[in-house]
Amino acid sequence: MLSRLPSARVFTLGCKVNQFESAAMAEQLQSLGYALSPGGPYDLLILNTCAVTDAAEKEALRLLRRLRRENPGATILATGCLAQERAAVFLQKAGARAIFGNDRKGNLKEVLEARAGALQLAAVGSGEARDLGDPALGKTRAFQKIQDGCSQNCSYCVIPQARGESRSLSLGRVLTGLESYARRGFREVVLTGIHLGNWGRDLSPPSDLKRLLAEIARVFNPSPHSFRLRLSSLEPTEAWEIRETLGEHPFVAPHLHVPLQAGTDKILALMKRPYRVAFYAKVARSLRELYPQMSLGTDFMVGFPGETEEDFAESLAFLRDLPVTYAHVFPFSARPGTPAATLPGQVSAANKKERAQRARAFDRARRGEFLQASLGREHLAIVENTPHAPSGRLKVLTGNYLVALLDAPAPMGELARVTLRAPQNPWGLAEAALRLDP
Ligand code: SF4
């Protein structure tokens, strides 16, 4: 009789932290003797969910039901913020065998040993952020999670309930992780966290990102031609604090993502965001002045309760005036248990959709302008391990977060010097001309 390794797959929805944690879970499954495969039949499926929007919830439940239907023999486990928050729905209606909490993702062995029928729901928010092992499986870039949880309590967000208080990975463990990626030839590591800019404040002695970057520079002295770091997302106050430090460390990619969420003080106050529009504008303009080529992304939420048509027009006008290079647009989605879910003045679905369309039109236009401004310039770009599927050509990602198609063979996973040219392909992607001159 043929024997085979049990097969497994991890499905992921949501943020970069979830992506990191899924890759780390996949790595653990391999070391536990599972074969990871893109096609079934599967013995074990893990769905890592996201609670940030209603759309993410619907997608998770749809995916779970599909997995259940297509894999009747598989054990299906669910984890992540949504599965934790809505355990009963996942177990009773959608067919998950068990749920385990975010805090258990780093110990799948224990989860799998204990899974026999029981609900494995861990308490959230205890102890140091877990080091989940290796999040680099099959990837061009490694994701290093250095912080978990959030203590900010924005009125629309379930993450503090789902992941608990902010907590940091120790400096030593961050450095060990980076050292391990560098040794294995990774040329880009993305530092991630739920509230990344809060890193270090809970450590003893307290620290912060400035000190972390200085320590990375001191220990590794990385050349930007052979190794770079990318910061995944920083709140405006933290971006302000770190803005000048970034210039001292050329190994940090010229790309920041700084969530705005709303462009009026009225809505920012209702959201319980700890800054006002004038401060955000100061941060964005200062970053643009210091780093003219930097990609500066933002999050923009439309249809928050109380947002009138006039408020939205003011908010969008404010966004248009900022030197941002792209905006992730989200319609507000009421998450059960959050203060915003019961605020008066809920906006109709039709109005949210229409506002999101207007904001996304701005996003598309601004991305196009940024691409135009980046053409003809030299960039350091990482050659992705997976070619662009429709064309079969190699794909690169620049430091300032532009994707382009390469015009010549180059080693995958390496940093290459390229000059960007105008798109000449049906996908609207820039052309990257490989620079071979010294
Ligand atoms: S900063 Fe606000 S939106 Fe971000 S995770 Fe914390 S509570 Fe949620």
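Because the structure is a prediction, the values reported are computed rather than measured.

Attention now goes to the packing of aromatic side chains. Across all of its chains, the model carries six aromatic pairs by this definition. Ring centres of tryptophan 240 and phenylalanine 279 lie 6.0 Å apart, and the angle between their planes is 65 degrees; on these two criteria the pair is classed as edge-to-face. Of this pair, tryptophan 240 sits in helix 9 (residues 236-246) while phenylalanine 279 is found in helix 11 (residues 277-290), placing the two residues 39 residues apart along the sequence. Look at tryptophan 240 and you get partly exposed, because its relative accessible area is 23%.

As summarised here, the arrangement of the five strands in space is 2-1-3-4-5, forming an open sheet in which the pairing is parallel. The sheet is open, and its two borders are formed by strand 2 (35-36) and strand 5 (98-99), each paired with just one other strand. Summarising the sheet, strand 3 (residues 44-49) and strand 4 (residues 75-79) pair through five bridges and their orientation is parallel. Within the sheet, the bridge partner assigned to leucine 47 lies in strand 4 and is alanine 78. The strands touched by helix 1 (residues 16-31) are strand 1 (7-12), strand 2, strand 3 and strand 4; relative to strand 1, the strand with the most contacts, the crossing angle is about 175 degrees. Strands strand 1, strand 3 and strand 4 of the sheet are contacted by helix 2 (residues 54-70), whose axis makes an angle of about 175 degrees with strand 3.

With that settled, the discussion passes to the domain arrangement of the protein. Looking at the protein, the domain boundaries give domain 1 (7-113), domain 2 (127-253), domain 3 (255-374) and domain 4 (378-434). In this structure, domain 1 and domain 3 have C-alpha centres spaced 31 Å apart.

On to the nonpolar core. Core analysis: the largest hydrophobic core is formed by 63 residues, its most contacted members being Leu229, Leu246, Leu256, Leu319 and Leu322. Looking at this core, you find at least three residues from each of domain 2 (127-253) and domain 3 (255-374). Not counting residues up to four positions away in its chain, the partners in contact with leucine 229 are Leu178, Val189, Leu191, Leu213, Ile216, Phe251, Val252 and Ala253. By size, the runner-up hydrophobic cluster in this structure holds 26 residues, among which are Leu13, Ala51, Leu61 and Phe90.

Glancing now at the packing of helix 7 (residues 171-183) against helix 8 (residues 209-220). Between helix 7 and helix 8, the shortest axis-to-axis distance is 11 Å and the interhelical angle comes to 50 degrees. Overall, the two elements helix 7 and helix 8 adopt an arrangement that is oblique. Note on packing geometry: the crossing formed by helix 7 with helix 8 is right-handed. Taking contact as the criterion, the partners of Leu171, Val174, Leu175, Leu178 and Glu179 in helix 7 are, on helix 8, Leu212, Glu215, Ile216, Val219 and Phe220. Residues belonging to the contact of helix 7 with helix 8 are distributed by class as follows: eight nonpolar, no polar and two charged.

The strand order 13-14-15-17-16 describes a closed barrel built from five strands, whose pairing is mixed. Direction aside, the axes of adjacent strands within the sheet are offset by 50 degrees on average. Pairing between strand 14 (residues 395-398) and strand 15 (residues 403-406): three bridges, direction antiparallel. Looking at strand 15, one finds that lysine 395 is bridged to leucine 405.

On to the side chain of threonine 192, then. The topology assignment puts threonine 192 in strand 8 (residues 188-193). Once residues within four sequence positions are removed from consideration, threonine 192 is found in contact with Lys16, Val17, Phe20, Phe143, Gln144, Lys145, Ile146, Gln147 and Ser232.

Right, let's get into the packing of helix 12 (residues 309-321) against helix 13 (residues 349-374). Describing two packed helices takes the angle between their axes plus the distance from one axis to the other. Running from N to C, helix 12 and helix 13 cross one another at 10 degrees; their axes reach a closest spacing of 11 Å. Regarding the angle of helix 12 to helix 13, the classification is roughly parallel. Across from Glu309, Phe312, Leu316, Leu319 and Arg320 in helix 12, the residues of helix 13 making contact are Glu354, Arg355, Arg358, Ala359, Phe362 and Arg366. Here the contact of helix 12 with helix 13 is built from residues that sort into five nonpolar, no polar and six charged.

On to the site of the ligand. With respect to spatial proximity, the complete set of residues near the ligand consists of Cys150, Gln152, Asn153, Cys154, Tyr156, Cys157, Ile159, Pro160, Ile194 and Arg273. For the shell around the ligand, the residue count by class is seven nonpolar, two polar and one charged.

What follows is about the pairing of strand 9 (residues 228-231). In regular strands, side chains alternate between the two faces of the sheet. Here strand 9 shows a buried face lined by Arg228 and Arg230 and a second buried face lined by Leu229 and Leu231. Sheet topology places strand 8 next to strand 9; four bridges connect them, and they run parallel. Each residue of the ladder has a partner; that of glutamate 188, found in strand 9, is arginine 228. Since strand 8 and strand 9 lie parallel, the crossover through helix 8 that links them has a hand, and here it is right-handed.

Here aspartate 208 lies in the loop between strand 8 and helix 8. Beyond its immediate stretch of four places on either side in the chain, aspartate 208 contacts Trp199, Gly200 and Arg201.

How each quantity is defined
- Residues numbered from 1 in each chain as written.
- Predicted model: local features only at pLDDT ≥ 70, side-chain atom pairs only at ≥ 80, totals over all residues.
- Heavy atoms only, no water.
- Phe/Tyr/Trp six-rings, centres within 6.5 Å; stacked < 30°, edge-to-face > 60°.
- Helix = DSSP H or I, 4+ residues; strand = E, 2+ residues; numbered from the N terminus.
- Buried < 20%, exposed > 50% of the residue type's maximum accessible area, 1.4 Å probe, protein only.
- Pairing = 2+ DSSP bridges.
- Contact = heavy atoms within 4.5 Å.
- Axes fitted to C-alpha atoms, helices over the stretch in contact; angles between N-to-C directions.
- Domains from an automatic or database assignment.
- Core = buried A, V, L, I, M, F, W, Y, C linked by side-chain atoms within 4.5 Å.
- Parallel < 35°, antiparallel > 145°, perpendicular 65-115°, else oblique.
- Left-handed = near helix turned anticlockwise from the far one by under 90°.
- Nonpolar A, V, L, I, M, F, W, Y, C, P; charged D, E, K, R; others polar.
- Near = heavy atom within 4 Å.
- Right-handed = clockwise from strand over helix to strand, strands pointing away.

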